[in-house]
Amino acid sequence: MSGGAIAIDQRGASRRRRFLVDNLWAYAFLVPAFLFLLVFKILPAIYALYISLYRCAVFCPFTAQDFRGITNYTDILFGPRAETFWRSLSTTFTYAAITIPFEIGFALVIAYVLFQRIHGRSAYRTIYYLPYVTSTVAAATVFNWVFHPNYGPMNAVLERAGIGALTWFDEPNGVFAMIADRFGATLPDWAAGPSLALASVAIFSIWHFLGFQIVIFLAGLGNIPAEYYEAARLDGASQRQLFTRITLPLLSPQIFFVFTIASIGVLRAFNEIFVLTNGGPLDTTRTVSMLVFRTFFQQGQIGLGSAMGVLLTVIILMFTLVQFRVLERRVHYG
């Protein structure tokens, strides 16, 4: 073998060693994150799936006599727990239907305004983002005081406006039924709408998570080339046409991302509901997450509670897959 070939072979071996060392360092930095996911996410999920197959109440001996297989799931979906579960699932999707469109709509409009050259826009961006970085429990506690039926500032404003005080988080009646009652009309139960308590929780969620979505939309707006707007203005496009023909199509990746993240977050929401209503009044805000908490921790039915948690995970996964299947084809990348 000639000297040149030996030198080339040595350089190749050196590059392979350097590549191997770089990969080892990369994996070494990933180990803490992987261990965190393994200990706090993956293993608990596997264990929850395991105990969901047993009859567990407070303690789980995991004997052959306690093994139920899919009986916990059939009891939840079709058996004695079915009515409670399906009602909670309906409440969950109603809560999502109220929250997600308003979150995305408000965030998109506010981000578009804050992207313009207005005085003090940095301060406005900070103000809108502050609720998101505040603890959910702390923010919900303050929100509970703002909407308190006796001394809350919101009711003071409504009384001055001549509308009258509302019980907000303690009101089980439907919003549409309450509006119709103001005008002396009566609506059937199916048209009563979500309870005022559920709508009030949705108002909190919209306010609290708005800042995150505004930041995402601001980042997307910053990636749209200014030349597109300049060319459209030269062709005589109006401000509305600029927004509908340029901004919205080119923001579709961010809209799709925000819609997916918001859907997952709303379907598994717990903290705000627990603090504001604890699932009441009359279970009108009892989502599946609240039902899992009550079944698992308060009633001690660990097997059933785990099965409900697994079902909620499967529902969220299926809902997300449908979103990707239906909506991703409408996304324009560049």
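Residues numbered from 1 in each chain as written. Predicted model: local features only at pLDDT ≥ 70, side-chain atom pairs only at ≥ 80, totals over all residues. Heavy atoms only, no water.

**A look at the pattern of salt bridges**
So the rule is basically this: Should a side-chain nitrogen of Lys or Arg be within 4 Å of a carboxyl oxygen of Asp or Glu, the pair is scored as a salt bridge. Secondary structure elements follow DSSP: runs of H or I no shorter than four residues count as helices, runs of E no shorter than two count as strands, and numbering proceeds from the N terminus. Accessible area is worked out with a 1.4 Å probe on protein chains only. A residue is then buried under 20% of its type maximum, exposed over 50%, and partly exposed in between.
For the structure shown, the criterion picks out 3 salt bridges. Note that D283 is salt-bridged to R294, the shortest N-O span being 2.9 Å. You can see D283 sitting in the loop between α12 (271-276) and α13 (288-298) and its partner R294 sitting in helix α13, a full 11 residues away along the chain. Owing to a relative accessible area of 23%, D283 belongs among the partly exposed residues under this scheme.

**Considerations on the packing of aromatic side chains**
To be explicit about the condition: We call Phe, Tyr and Trp rings a pair once their centres come within 6.5 Å, taking the six-membered ring for Trp, and we label the pair stacked below 30 degrees between planes, edge-to-face above 60, and tilted otherwise.
Counted under the stated rule, the structure contains 23 aromatic pairs. The interplanar angle of 75 degrees and the centroid separation of 4.9 Å between the aromatic rings of Y112 and F243 together place this pair among those described as edge-to-face. You can see Y112 sitting in helix α3 (residues 82-115) and its partner F243 sitting in helix α10 (residues 239-250), a full 131 residues away along the chain. Ring geometry for F270 against F293: centres 5.2 Å apart, planes inclined by 50 degrees, an arrangement best described as tilted. Placement of F270 in the loop between α11 (252-267) and α12 and of F293 in helix α13 is noted, with a sequence separation of 23 residues between them. You can call F270 partly exposed: its relative accessible area is 23%. Of the aromatic side chains, those joined through ring pairs into one cluster are F143, F147, W168, F169, F204 and W207.

**Quick word on the layout of surface pockets**
Our working definition: Put simply, the grid is 1 Å and covers the protein atoms alone, a cavity is a trapped set of points that fit a 1.4 Å probe, a pocket is an open set with protein on both sides within 12 Å along at least five of seven lines, and lining residues have an atom within 4 Å of a point. Grid points are joined across faces, edges and corners, and a volume is the space filled by probe spheres set on the points. In the scheme used here, Gly and all other residues not listed as nonpolar or charged are polar, with Ala, Val, Leu, Ile, Met, Phe, Trp, Tyr, Cys and Pro taken as nonpolar and Asp, Glu, Lys and Arg as charged.
Approximately 960 Å³ is the volume found for the largest pocket. Along the walls of the largest pocket sit 22 residues, with A48, V292, G309, V310 and T313 positioned nearest its centre. Counting residues per element, the ones that place at least two in the lining of the largest pocket are α1 (3-51), α13 and α14 (302-327). Residue composition of the lining of the largest pocket, by class: 15 nonpolar, 5 polar and 2 charged.

**Focus on α11**
Our working rule: One less than the number of residues in a helix, times 1.5 Å, gives the span that helix is expected to have. Two residues qualify as a contact provided that any one of their heavy atoms is within 4.5 Å of a heavy atom in the partner residue.
Between its first and last C-alpha atoms α11 spans 22 Å; for 16 residues at 1.5 Å apiece the expected length is 22 Å, and the two agree. Among all positions in α11, only S252, P253, Q254, F256, V258, T260, A262, S263, V266 and L267 are buried. Considering only its buried residues, α11 is in contact with α3, α8 (196-222), α10, α13 and α14.

**Let's talk about the environment of V215**
In this fold, V215 is placed in helix α8. For the pair formed by V215 and Y95, sequence separation is 120 residues and the distance between their alpha carbons is 23 Å.

**A word on the side chain of Q213**
Inspection of the secondary structure puts Q213 in helix α8. Q213 gets classed as buried once you look at its relative accessible area, which sits at 4%. Residues contacting Q213, with those up to four places away along its chain left out, are E103, I104, A107, V258 and A262.

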